[in-house]
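Examination of the molecular architecture
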Amino acid sequence: MRLALDEARAALRFGEVPVGAVLVREEQVLARGHNGPISQSDPTAHAEIVVVRAAARLLENYRLTGTVLYVTIEPCAMCVGALVHARVTRLVYGAADARVGAAGSVFDLTRDRRLNHRLEVTGGVLEAECRSIIQEFFQDRRG
């Protein structure tokens with residue numbers, strides 16, 4: 001999660017909402033990245049999507065079985081959908097997102113029996129640090 005926090009800080013340097021993510025398989029980092037919708041003019045360039053795309057290219061496989069995604073904020077529905085389609089095994093997030101979280105806060109797509117894949121989920125890892133970086137970002141923006 002510390003690597004994901006480093007990525008969230010990198011997002012700040014680009015004026016992005018500070019969310020960072022790291023995808024790991026067997027303790028090897030496959031990909032790391034941060035939010036980029038503003039700088040890339042791409043509404044799908046969330047940190048989770050960035051690392052899923054990079055790892056899939058690296059492995060030359062759209063299935064990412066046996067992987068763990070670490071992300072600073074609970075993913076939205078779009079991102080959880082990508083994790084389900086990629087067959088990511090486990091999701092570890094820092095702070096819950098009571099506005100759009102799709103891993104238990106607003107929705108729980110990670111465990112929905114109607115979908116063909118479910119993820120193991122652990123939330124609250126380094127929660128205070130993850131919450132602090134995003135809260136400070138929005139406080140600064142609102143002035």
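Shown above is the structure to which this text applies.
The following paragraphs examine the structure supplied in this document.

What counts and what doesn't
Residues numbered from 1 in each chain as written. Predicted model: local features only at pLDDT ≥ 70, side-chain atom pairs only at ≥ 80, totals over all residues. Heavy atoms only, no water. Salt bridge = Lys/Arg side-chain N within 4 Å of Asp/Glu carboxyl O. Helix = DSSP H or I, 4+ residues; strand = E, 2+ residues; numbered from the N terminus. Buried < 20%, exposed > 50% of the residue type's maximum accessible area, 1.4 Å probe, protein only. Expected span 1.5 Å × (residues − 1). Pairing = 2+ DSSP bridges. Right-handed = clockwise from strand over helix to strand, strands pointing away.

Going through the model one piece at a time under the given rule, you end up with seven salt bridges. Residue arginine 9 pairs with aspartate 6 through a salt bridge whose shortest N-O separation is 3.1 Å. With arginine 9 and aspartate 6 both in helix H1 (residues 2-13), this residue pair falls three residues apart, about one helical turn. In this structure aspartate 6 comes out as partly exposed when scored by relative accessible area, which is 37%. Linking glutamate 7 and arginine 32 is a salt bridge whose minimum nitrogen-to-oxygen distance equals 2.8 Å. Note that glutamate 7 is positioned in helix H1 and arginine 32 in strand S2 (residues 28-34), a separation of 25 residues in sequence. The class of glutamate 7 is buried, set by a relative accessible area of 11%.

In a regular helix each residue adds 1.5 Å, so 12 residues correspond to 16 Å; H1 covers 17 Å between its end C-alpha atoms and thus fits that length. Residues Ala4, Leu5, Glu7, Ala8, Ala10 and Ala11 constitute the buried set of H1.

Moving on, we get to the environment of glutamate 26. Position of glutamate 26 among the secondary structure elements: in the loop between strand S1 (20-25) and S2. Taking C-alpha positions, glutamate 26 is 7.5 Å from threonine 67, a pair spaced 41 residues apart along the chain.

Across the six residues that make up strand S4 (residues 90-95), a large majority, five, are buried. Looking at chain direction, strand S3 (residues 67-73) and S4 are connected through five bridges and run parallel. Bridged to valine 68 within S4 is arginine 90. For the crossover from S3 across helix H4 (residues 77-86) to S4, the handedness is right-handed. Inspection of the sheet shows S4 paired to strand S5 (residues 120-122) by three bridges, in the parallel sense. Paired with valine 92 across the strands is threonine 122, a residue of S5.

Along its 13 residues, helix H3 (residues 47-59) runs 18 Å from first to last C-alpha, staying within 8% of the 18 Å computed at 1.5 Å per residue. When we look at burial in H3, the residues that qualify are Ala47, Glu48, Ile49, Val51, Val52 and Ala55. One or two steps after H3, the chain reaches glutamate 60, where phi turns positive at roughly 55 degrees.

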